[in-house]
Amino acid sequence: MSFRLQGCQLRCERDGRELFRDLDFDVEGGQILRIEGPNGSGKTTLLKILSGQLHDFDGELRWCDQPLARVRDHYLTNLLYLGHAPGVKAALTPLENLAWYQALAGDAGSEATRLTVLERVGLMGFEDVPAGQLSAGQQRRVALARLELTPRALWVLDEPFTAIDKQGVEALEQRLLAHARRGGSVILTTHHDLTPLGELRRIRLGEGGRHVIQ
Amino acid sequence: MSSSNTLDQPLSIIEPHGGLGVALIATLRRDLTLMLRRRSEVMNPLAFFALVITLFPLGLSPDPELLATVAPGLLWVAALLATLLSLDSLFRADFEDGSLEQLLLAPQPLAAMVLAKVVVHWLLTGLPLALMAPVLGLMLGLPAGSHLILMLALALGSASLSLVGAIGAALTVGLARGGVLLSLLVLPLYIPVLIFGAGAVQAALLGSGVAAHLAILGALLALAVMLAPWAIAAALRISVNG
């Protein structure tokens, strides 16, 4: 079953400043959409609107051709949002952190899965160390491990490459590509080049509410 | 990259499949683990409670009869302030590290999830306060016959305090210094619990009408359990995405 997230005539204003207006876009399975723009141009706000967290905007969001507000549960079941803060508890170990996220999705999961996923993000040997003792990059990797932990069709990622080293960036780029090939889709903001991903669909947010869709 | 596992198979849209029980148990366990790893946060309200009660005989008078008459009120006020002290941290850590945002995005009813967090708060604040109260009651010369009622009233009442307080904590979690505002918001709502809680112990001392007071405390708790989770959930949505 395929899916589609559509935005129709989105407009958002913050503190008297129009971030964007008349923004139309759609994302289907297999696509990667990149949101660009200078600092303060509203990238994070747009991602929060798309992930159903902010409601004070004009226009309509549709998920699988239904208004998002009506199919919120269905949408959230298929959405994975990673924000600025990694959402990793410093006092818990990576394994315990992942166990909670797995349970939040509604299934208890197995320790074997969690270990496999941690191994894939390069945290083997750190699975029982409290996350507070890990470096910023390693904490980010714990958050990124969630990408593989629970299969979600749509990933909304706000600056996922923050604090990640070179190999980590490459691995994540490959992970995004693999996700798109599997039929999933990604909406992300980043200041990285993302050259290995080829030509991406982009929304470029600019000054005074102008934006360009490529 | 190994591809021996289900993670690489084509993915499809999933229907919401519940799992509320699993999520609730996991949240209870997670919050308990977190609190037990930061023991000082659990100990703070208890130490405050003990210190305040210890100071009263010194400041007021060592006369056991005088102390016994004011003991119910003193114990209740001190327990209430100790609870208030612990409220600010209820959602703050989750807010700061981003896990509150993730909780709001979970496909589970938020009201149920926050109820789990409040239950943990009560288990580690209200319940220990109630268990500790008879010991401090002894120090104030409270007759042994009223100790059970004191514990029962505090256990029932502090659950309401946790629930109502969590609304205030949720409303102020986005503010850098929400402490004073939190007290102002929550204290007026604490007054009925204080009156009937202290009243129950007073009634036990006089030997009459304990059941009525406890019944009202129970009714207040039932009301709080029914309404507070929705209010907490709504307040969190406002605070996090305001």
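Look above for the structure.
Values in this document were obtained by computation on a predicted structure and should not be read as measured data.

Draft legend 1. Quick peek at the interface of chain A and chain B. Contacts between the two partners involve 48 residues from chain A and, on the opposite side, 42 residues from chain B. Across the chain A to chain B interface the summed buried area is about 3,900 Å²; carbon plus sulfur atoms make up 59%. On the chain A side of the interface with chain B, the three residues burying the most area are A:K89, A:W100 and A:R182, jointly 20% of the side's total. Linking chain A to chain B there are 4 salt bridges. A salt bridge links B:D97 to A:K89, with the shortest nitrogen-to-oxygen separation between them at 2.8 Å. For the pair chain A and chain B, the number of links is 13 residue pairs in polar contact (both at pLDDT 80 or more). Every element with two or more residues in the side of chain A that touches chain B is listed here: α2 (72-77), β6 (79-82), α3 (94-104), α4 (111-120), α5 (136-149) and α6 (166-181) of chain A.

Draft legend 2. Representation of the packing of α5(A) against α6(A). Residue and element names in this part refer to chain A. It is at 12 Å that the axes of α5 and α6 come closest, and there the two elements cross at 20°. What the angle tells us is that α5 and α6 run roughly parallel. The way α5 lies across α6 gives a crossing that is left-handed. Where α5 approaches α6, its residues R141, L144, L147 and E148 are matched on the opposing element by G168, L172 and R175. When the residues that make up the contact of α5 with α6 are grouped by side-chain class, the tally is 3 nonpolar, 1 polar and 3 charged.

Draft legend 3. Broad picture of the nonpolar core. Counting 69 residues, the largest nonpolar core has B:F49, B:I53, B:L75, B:F91, B:Y190, B:I232 and B:L236 as the members making the most contacts within it. When residues in this core are grouped by element, the largest group, 12 residues, is from helix α7 (residues 147-172) of chain B. In this view, B:Y190 contacts B:L80, B:T83, B:L84, B:L87, B:L161, B:V164 and B:G165; residues no more than four positions away in its chain are not counted. Membership of the second largest hydrophobic core comes to 34 residues, among which are A:L68, A:V71, A:V156 and A:L205.

Draft legend 4. Examining empty space enclosed by the protein more closely. Scanning all chains against the criterion turns up 3 cavities of 30 Å³ or more. Roughly 180 Å³ of volume is contained in the largest cavity. In terms of lining, the largest cavity is formed by 15 residues, of which the most central are B:D31, B:M35, B:R38, B:S89 and B:L90. Elements supplying a minimum of two residues to the lining of the largest cavity: α1 (20-37), α4 (89-97) and α6 (110-139) of chain B. Of the residues belonging to the lining of the largest cavity, the class tally is 5 nonpolar, 3 polar and 7 charged. Roughly 100 Å³ of internal volume is contained in the second largest cavity. Forming the walls of the second largest cavity are 13 residues, and the residues nearest its centre are A:R146, A:R152, B:Q102, B:L105 and B:A106. Going through the elements one at a time, β6 and α3 of chain A are the ones with two or more residues in the lining of the second largest cavity. Broken down by class, the residue content of the lining of the second largest cavity amounts to 10 nonpolar, 1 polar and 2 charged.

Here is what the cut-offs are and how they apply
Residues numbered from 1 in each chain as written. Chains lettered and ligands numbered in written order. Predicted model: local features only at pLDDT ≥ 70, side-chain atom pairs only at ≥ 80, totals over all residues. Heavy atoms only, no water. Contact = heavy atoms within 4.5 Å. Buried area = accessible area lost by both parts, 1.4 Å probe. Salt bridge = Lys/Arg side-chain N within 4 Å of Asp/Glu carboxyl O. Polar contact = N/O pair within 3.5 Å; in protein donor to acceptor, adjacent residues only side chain to side chain. Helix = DSSP H or I, 4+ residues; strand = E, 2+ residues; numbered from the N terminus. Axes fitted to C-alpha atoms, helices over the stretch in contact; angles between N-to-C directions. Parallel < 35°, antiparallel > 145°, perpendicular 65-115°, else oblique. Left-handed = near helix turned anticlockwise from the far one by under 90°. Nonpolar A, V, L, I, M, F, W, Y, C, P; charged D, E, K, R; others polar. Core = buried A, V, L, I, M, F, W, Y, C linked by side-chain atoms within 4.5 Å. Buried < 20%, exposed > 50% of the residue type's maximum accessible area, 1.4 Å probe, protein only. 1 Å grid on protein atoms, 1.4 Å probe; cavity = no way out; pocket = protein on both sides within 12 Å on 5 of 7 lines; lining within 4 Å. Points joined across faces, edges and corners; volume = space filled by probe spheres on them.

Spatial relationships are all this shows, so hold off on functional conclusions.
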